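# Structural overview
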Amino acid sequence: MNILFKKIIGIAYYFLRNTFIITGICFLLLIIAEDLQPGFFSFWFDIKGLTIGVIVSGVLALFTSQFITDKI
Amino acid sequence: MKYILKIYTILLIIGMLFFFGWLIYKNLVVTGKLFLVNDFCNESQVISNLYPENRVGGVEKENDICSQRIFTEPVYFKVKISRTFSKAKIKVVYEDERQSLVQLGLMKRKITPLDWRFDLQSTEDQIINHISKDNLEEQSAEFSVGLDDITDHSLEFIISVPGLTDGRHQIKIRRIEVELSRSTQDWKTIFADLKNYLLRKINE
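Predicted model, so just to flag it, every value in this text is computed and none were measured.

### Brief notes about the overall build of chain A
Within chain A, the secondary structure is distributed over two helices and zero strands. Over its C-alpha atoms chain A spans a radius of gyration of 16 Å, topping by over 25% the 11 Å that the globule rule assigns to 72 residues. Over its C-alpha atoms, taken along the principal directions, chain A stretches across nearly 50 × 20 × 15 Å. With 72 residues in all, chain A has 21% of them scored as buried. Partitioning the intrachain contacts of chain A with sequence separation of at least 6 by distance along the chain shows that 79% fall at a separation of at least 24.

Below, the structure written as structure tokens:
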């Protein structure tokens, strides 16, 4: 059970890592676009949700990184 | 599992591209019309509440109906815009036992701090565009919008209620609707706009 749990967490790491990288890129691009064109995203939606998504996926990826399995 | 991860990553990237496409579509206002509402219940990202604070009350909520009171006139509200428009139609819905006529106006860009120029709705237009129904008053107005009306990516509107301050009276604003319009976009105009935008950014 313990091994299976570790394996699942290990696999989840890869998903969390990719989520973190892509949402992080998305976040940075939005900040750059907002700087170039004020209101680019802030007029249409609240960035709070995306920021929380980036932070949570990053933190979880960091914690699950110790369970990485060599093969996915 | 490797394939699932790949598919998941591709889906995330496609989602991100769609999201940026949606934002660009919203910012370009391809259809040429943008309709915005502030009903005071949900904080609007685009239309501000009324200000200055010493002339208006806070947002009040009664039986799921939200409003903001005006004690002293004139008061203002801002509409953030992502690009230029040629016309702005505004409609203000308010409660007033005396059925007073409000006068709407559009502030011009301030060149100096004491620059208070505005386009004010004419008295005839005020009478024509006033509707009273179901104990609610509606006042609407249409303004031509140019670069001279935009301050910090916003249009600033004025609500004047002549006689409100002297009569120690107050009105409740229930809803603000703004319809902004410009010519519709096609690929030619999008590229021309993009070129102008880049030139403007380089010259800044």
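### Quick look at the overall build of chain B
Looking only at helices and strands, chain B has three helices and 12 strands in total. Taking 17 Å as the expected radius of gyration for a compact globule of 204 residues, we find that chain B reaches 21 Å, considerably beyond that expectation. Overall, the C-alpha framework of chain B stretches about 70 × 45 × 30 Å when taken along its three principal axes. The buried share of chain B, taken over its 204 residues, is 22%. At a minimum sequence separation of 6, the contacts of chain B that also span at least 24 residues come to 75%.

### Quick look at the nonpolar core
Counting 31 residues, the largest nonpolar core has Ile70(B), Ala88(B), Val92(B), Phe157(B) and Ile159(B) as the members making the most contacts within it. Listed by contribution, the elements that provide at least two residues to this core are β4 (75-80), β5 (87-95), β6 (103-107), β11 (154-160) and β12 (171-181) of chain B. Excluding residues that lie within four positions of it along the chain, Phe157(B) makes contacts with Tyr76(B), Phe77(B), Val79(B), Ile90(B), Leu104(B), Gly105(B) and Leu106(B). Among the nonpolar cores identified, the runner-up in size contains six residues, and Tyr14(A), Phe15(A), Leu16(A) and Val54(A) belong to it.

### A word on the interface of chain A and chain B
Contacts between the two partners involve 16 residues from chain A, matched on the other side by 17 residues from chain B. For the side of chain A that touches chain B, the class distribution of residues is 12 nonpolar, four polar and no charged.

### A closer look at the pairing of β5(B)
Residues and elements named next belong to chain B. The two faces of β5 differ: Ala88, Ile90, Val92 and Tyr94 on one face are buried, but Lys87, Lys89, Lys91, Val93 and Glu95 on the other face are not. The pairing of β5 with strand β9 (residues 136-144) spans eight bridges and is antiparallel. Bridging from a neighbouring strand, Lys87 pairs with Ser144 of β9. As judged from the nine bridges shared by β5 and β12, these two strands associate in the antiparallel manner.

### A few points about the pairing of β11(B)
Both faces of the sheet carry side chains from a regular strand, because those side chains alternate between them. Residues and elements named next belong to chain B. Sheet topology note: the β4/β11 ladder contains six bridges and is antiparallel. Paired with Val79 across the bridge in β11 is Leu155. As defined by bridge partners, β6 adjoins β11 across four bridges and the pair is classed as antiparallel. In the sheet register, Gly105 faces β11, and the bridge partner there is Ile158. Inspection of the sheet shows strand β10 (residues 150-151) paired to β11 by two bridges, in the antiparallel sense. Its bridge partner lying in β11, Ile150 is registered against Leu155. Between β10 and β11, which pair antiparallel one after the other, the connecting turn spans two residues, and Asp152 there sits at a positive phi close to 50°.

### Some words on helix α2 (residues 48-64) of chain A
Residue and element names in this part refer to chain A. Taking 1.5 Å of rise per residue, 17 residues should cover 24 Å, and α2 covers 24 Å from first to last C-alpha, within 8% of that figure. Along α2, the residues that are buried comprise Val54, Ser57 and Thr64. Seen end-on, α2 carries its buried residues on one side only, within an arc spanning 115°. Facing away from the buried side of α2 by more than 90 degrees, the exposed set consists of Lys48, Ile52, Val59 and Phe63. Next to the buried residues of α2 lie α1 (2-36).

### Regarding the environment of Ser183(B)
Residues and elements named next belong to chain B. In this fold, Ser183 is placed in the loop between β12 and α3 (187-203). Assessed through the 9 C-beta atoms surrounding it within 10 Å, Ser183 is described here as exposed. For the pair formed by Ser183 and Asn49, sequence separation is 134 residues and the distance between their alpha carbons is 28 Å.

### Thoughts on the confidence of the model for chain B
Averaged over all residues, the pLDDT of chain B equals 87, while 100% of them reach at least 70. Here the complex is predicted with pTM 0.77, and the ipTM for its interfaces comes to 0.86.

### Points about the packing of α1(A) against α2(A)
Residue and element names in this part refer to chain A. Orientation of α1 relative to α2, taken along the N-to-C sense of each, is 145°, at an axis distance of 8 Å. Here α1 runs over α2; the crossing is left-handed. Contacts between α1 and α2 pair Ile9, Ala12, Tyr13, Leu16, Arg17, Thr19, Phe20, Thr23, Gly24, Cys26 and Phe27 from the former with Leu50, Thr51, Gly53, Val54, Ser57, Gly58, Leu60, Ala61 and Thr64 from the latter. Across the contact of α1 with α2, the residue classes break down as 11 nonpolar, eight polar and one charged.

Rules used in this analysis
Every chain is numbered independently, its residues counted from 1 as its sequence is written. Labels follow written order: the first chain is A, the first ligand is 1, and so on. Given that the model is predicted, a residue must reach a pLDDT of at least 70 before its local features are reported, and side-chain atom pairs must reach 80 or more before they are shown or counted; all residues, however, enter totals for whole chains, interfaces and linings. Here a helix means four or more residues in a row that DSSP labels H or I, a strand means two or more in a row labelled E, and each is numbered from the N terminus. Restricting the calculation to C-alpha atoms gives the radius of gyration, and the globule rule supplies 2.2 Å times the number of residues raised to the power 0.38. As a rule, residues whose C-beta atom has 12 or fewer other C-beta atoms within 10 Å are exposed, those with 20 or more are buried, and those in between are partly exposed; C-beta atoms are placed from the backbone. Here the contact rule is simple: place C-beta atoms from the backbone, and any two residues whose C-beta atoms are within 7 Å are in contact. Any set of buried Ala, Val, Leu, Ile, Met, Phe, Trp, Tyr and Cys residues joined through C-beta atoms within 7 Å is what this text calls a nonpolar core. Three classes are used: nonpolar for Ala, Val, Leu, Ile, Met, Phe, Trp, Tyr, Cys and Pro, charged for Asp, Glu, Lys and Arg, and polar for all others, with Gly counted as polar. Paired strands, in this sense, are two strands between which DSSP finds at least two bridges. A helix is expected to span 1.5 Å multiplied by its residue count minus one. By arc we mean the arc of the directions from the helix axis to the C-beta atoms, nothing more. The predictor's confidence in any single residue is recorded as pLDDT, a number from 0 to 100. Angular values range over 0 to 180 degrees, each being the angle between N-to-C directions of two axes fitted as lines to C-alpha atoms, with helices fitted over their stretch in contact. Here is the rule for handedness: rotate from the far helix to the near one, and if that takes an anticlockwise turn smaller than a right angle the crossing is left-handed, while a clockwise turn gives right-handed.

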